[in-house]
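# Secondary and tertiary structure notes
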Amino acid sequence: MAQQLNVGIIGGGYAGMAAAVMLAQRGIPITVYESAKQLGGRARGVSCNGTQLDNGQHILLGCYRHTLQLVGQVGGNPDQDFLRLPLQLTLHRRFKLKTPALPAPFHLLAGLLTAHGLSFAQRLSAARFMLALRGMKFRLPNDTSALELLRAHGQDKKLIRLLWEPICISALNTPVSKASAQVLLNVLRDSLSGTRADSEILLPRIDFTALFPQRAAEYVQQHGGQVSTSCSVESIVLQENEIELLTPQGTRHHSHVICAASPANAARLLRAIPQLEHTAKQIEALAFQPIYTVYLQYPAQVRLPQAMLGLDQCFSQWLFDKSQIAGQQGLIAAVISAEGIHQELPNEQLARKVEQELREQLGIAETPVWHQVIAEKRATFSCEPGIFRPGITTPIPNLLLVGDYTAGDYPATLEGAVMSGLKAAQAISGTLLISS
Ligand SMILES: Cc1cc2nc3c(=O)[nH]c(=O)nc-3n(C[C@H](O)[C@H](O)[C@H](O)COP(=O)(O)OP(=O)(O)OC[C@H]3O[C@@H](n4cnc5c(N)ncnc54)[C@H](O)[C@@H]3O)c2cc1C
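Rules of the game
Residues numbered from 1 in each chain as written. Predicted model: local features only at pLDDT ≥ 70, side-chain atom pairs only at ≥ 80, totals over all residues. Heavy atoms only, no water. Helix = DSSP H or I, 4+ residues; strand = E, 2+ residues; numbered from the N terminus. Rg over C-alpha atoms; globule rule 2.2 N^0.38 Å. Buried < 20%, exposed > 50% of the residue type's maximum accessible area, 1.4 Å probe, protein only. Areas by Shrake-Rupley, 256 points an atom, 1.4 Å probe, with all protein chains shown as cover. Lys, Arg positive; Asp, Glu negative; His and termini not counted. Charge placed at Lys NZ, Arg CZ, Asp CG, Glu CD. Pairing = 2+ DSSP bridges. Expected span 1.5 Å × (residues − 1). Arc of directions from axis to C-beta. Contact = heavy atoms within 4.5 Å. Near = heavy atom within 4 Å. Polar contact = N/O pair within 3.5 Å; in protein donor to acceptor, adjacent residues only side chain to side chain. Nonpolar A, V, L, I, M, F, W, Y, C, P; charged D, E, K, R; others polar. Axes fitted to C-alpha atoms, helices over the stretch in contact; angles between N-to-C directions. Left-handed = near helix turned anticlockwise from the far one by under 90°. Core = buried A, V, L, I, M, F, W, Y, C linked by side-chain atoms within 4.5 Å. Parallel < 35°, antiparallel > 145°, perpendicular 65-115°, else oblique.

Glancing now at the overall build of the protein. On a plain count of helices and strands, the protein comes out with 15 helices and 20 strands. The C-alpha radius of gyration of the protein comes to 22 Å, within 12% of the 22 Å expected for a compact globule of 436 residues. A principal-axis box enclosing the C-alpha atoms of the protein has dimensions of 65 × 50 × 40 Å. Looking at the protein residue by residue over its 436 residues, the buried ones come to 58%. Of the roughly 17,700 Å² that the protein leaves accessible, carbon and sulfur atoms contribute 51%. Of note, the protein has its 37 positive side-chain charges centred 7 Å away from the centre of its 33 negative side-chain charges.

Taken in spatial order, the three strands make up an open sheet running β5-β9-β6, and their pairing is antiparallel. One side of each edge strand has no neighbouring strand; the edge strands of this open sheet are β5 (60-61) and β6 (82-85).

Let's shift gears to helix α14 (residues 347-362). With 16 residues, α14 extends 22 Å between its outermost C-alpha atoms, agreeing within 8% with the 22 Å of an ideal straight helix rising 1.5 Å per residue. Turning to α14, its buried residues number three or more, namely Leu-350, Ala-351, Val-354, Glu-355, Glu-357, Leu-358, Gln-361 and Leu-362. For α14, the buried positions fall inside an angular range of 155 degrees around the axis, keeping them on one side. Buried positions along α14 lie against β15 (288-297), β16 (308-310), β17 (318-321), β18 (331-337) and β19 (370-381). Looking at the residues trailing α14, positive phi occurs at Gly-363, about 70 degrees.

Neighbouring the ligand are 35 residues; Glu-34, Arg-42, His-58, Ile-59 and Asp-404 lie closest to it. For the ligand, an oxygen atom lies 2.9 Å from a polar atom in the backbone of Ala-15. In this structure, Tyr-33 approaches the ligand through a main-chain N or O atom, which is 3.4 Å from a nitrogen atom. Contact with the protein chains hides 94% of the accessible area of the ligand, taken as 1,000 Å² for the molecule alone. Those elements that provide at least two residues to the shell around the ligand are α1 (14-25), α11 (263-271), β19 and α15 (414-429). The class makeup of the residues in the shell around the ligand is 17 nonpolar, 13 polar and five charged.

Let us now look at the packing of α1 against α15. Two numbers describe how α1 lies on α15: the axes approach to 7 Å, and their chain directions differ by 35 degrees. For the pair α1 and α15, the sense of crossing is right-handed. When α1 is examined against α15, the residues Tyr-14, Ala-15, Ala-18, Ala-19, Met-22 and Leu-23 are found in contact with a partner set consisting of Leu-414, Ala-417, Val-418, Ser-420, Gly-421, Leu-422, Ala-425, Ile-428 and Ser-429. A per-class count over the contact of α1 with α15 returns 12 nonpolar, three polar and no charged.

Right, let's talk about the nonpolar core for a bit. By size, the foremost hydrophobic cluster in this structure holds 131 residues, and its most contacted members are Ile-9, Leu-163, Trp-164 and Ile-258. Those residues in contact with Trp-164 that lie beyond four places of it in its chain are Ala-126, Phe-129, Met-130, Leu-150, Gln-155, Leu-159 and Leu-188. With 21 residues, the next largest nonpolar core counts Val-302, Leu-311, Ile-332 and Ile-336 among its residues.

Bringing the environment of Phe-212 into the picture now. Mapped onto the fold, Phe-212 is located in the loop between α9 (208-211) and α10 (213-222). Sequence-wise, Phe-212 and Gly-391 are 179 residues apart; in three dimensions their C-alpha atoms are separated by 24 Å. Not counting residues within four places of it along the chain, the set of residues in contact with Phe-212 comprises Tyr-14, Met-17, Ala-18, Val-21, Leu-70, Val-71 and Val-74.

Okay, the sheet that holds strand β13 (residues 250-254) next. Spatially, the three strands line up as an open sheet ordered β11-β12-β13, and their pairing is antiparallel. Sheet topology places β11 (235-238) and β13 at the edges, where each strand pairs with a single neighbour. With direction set aside, neighbouring strand axes in the sheet form an average angle of 25 degrees. When strand β12 (residues 243-247) meets β13, the two strands line up antiparallel, connected through five bridges. In the sheet register, Leu-246 faces β13, and the bridge partner there is Thr-251.

Where helix α7 (residues 157-172) meets helix α8 (residues 181-190), the closest approach of the two axes is 10 Å, and the angle between their N-to-C directions is 95 degrees. By the angle between their axes, α7 is roughly perpendicular relative to α8. Contact residues: α7 offers Trp-164, Ile-167, Cys-168, Ala-171 and Leu-172, while α8 offers Val-183, Leu-184, Val-187 and Leu-188. Of the residues in the contact of α7 with α8, the class split is nine nonpolar, no polar and no charged.

As structure tokens, then:
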């Protein structure tokens, strides 16, 4: 069977490279086509002023099992590649939730009940909410907005602002008033309500291209596959028993194609195929949310009180001290997720605003040597109730779709992207690759 298959993968992001690794491991001939010069897509390394950055600070959670397993499979070492932090949410001077060393779910309940910055009634209300969710097995009969769900469970304004809103925005990249309550519950189920290790926060010490896609490319090549960067697929042409991919470097024929391009590019490629016009239109209907990362290079001695720190009611939602994470002295990343008034500011002004917040909130008096704002305006789809997310199979049996936007429990995340890639590889190779 392996001899008859010859799979073309359009896109070398996390989804495409996950599929590539699994197919290559099974000896199935594959070629990855990546339009950019480097692999990684929306999770890629970027060089700036001689410093290695990412297109945005990402975090992984301990429950991202498939991603972590794949990083290990292609030669990474999850223990060395990440700074692992026990679940701890700190909003500077306003709120602190720290989970003690107890078995799940007691670690979370104890953490909620002893959180600083909330009244006893608010802490009890948060713990009751988590217990109610467990009682409902984290399933809602009908999806609604996260805000409506929180209000229905008696979570007051302050509790929402200090606890649930930061979790919702960082996990779903969608404001609580718009976010899908069901997807939020899926995330809470797998992270906060799983084991202690599941709720750990993992901050990569190396950039996102180096962490997985680059290693994956080496793995694929060692297993006989090809990875072509700067090679854009311009169209997909269906033939009787195969699929043609047209690239500026020539036409290639494949028994199967996995389209792992980002939603807008996938829709553009699918639109030209009459049987997939409807799917293309549905993908085009997805709305998107931005993520801004403001990198500030301070003198080497500047440090944050901890590696990851939130700010309340500021433009900067989360600050990351890259010296504590990756040994990059004086480098601080401020992340602003989802839509908001920050989008109205020119990048230069936004960087000044963040610098001012660091001065006022944390007493950092030094001036940055340089700054860099990376605005990913279509970072993720807007994770709202009732949106359409296509499945990985299409009406064309040998053409599959993967990516963080395809149907799944998770919002747009690395783990969701990786899982879709593994499912597609499973569908093609017929082997069980993904745990339920
Ligand atoms: C700033 C930012 C911060 C984020 N933070 C987090 C986080 O903390 N945790 C988390 O889990 N997730 C986070 N995400 C989301 C995560 O990065 C994405 O969910 C994931 O990278 C999507 O992977 P993908 O493979 O589905 O798509 P993509 O990464 O978009 O990959 C698609 C690839 O296809 C290529 N391509 C497109 N068209 C073509 C074509 N015609 N021919 C060839 N190649 C093509 C693109 O160049 C790209 O490399 C963040 C995203 C951003 C932007």
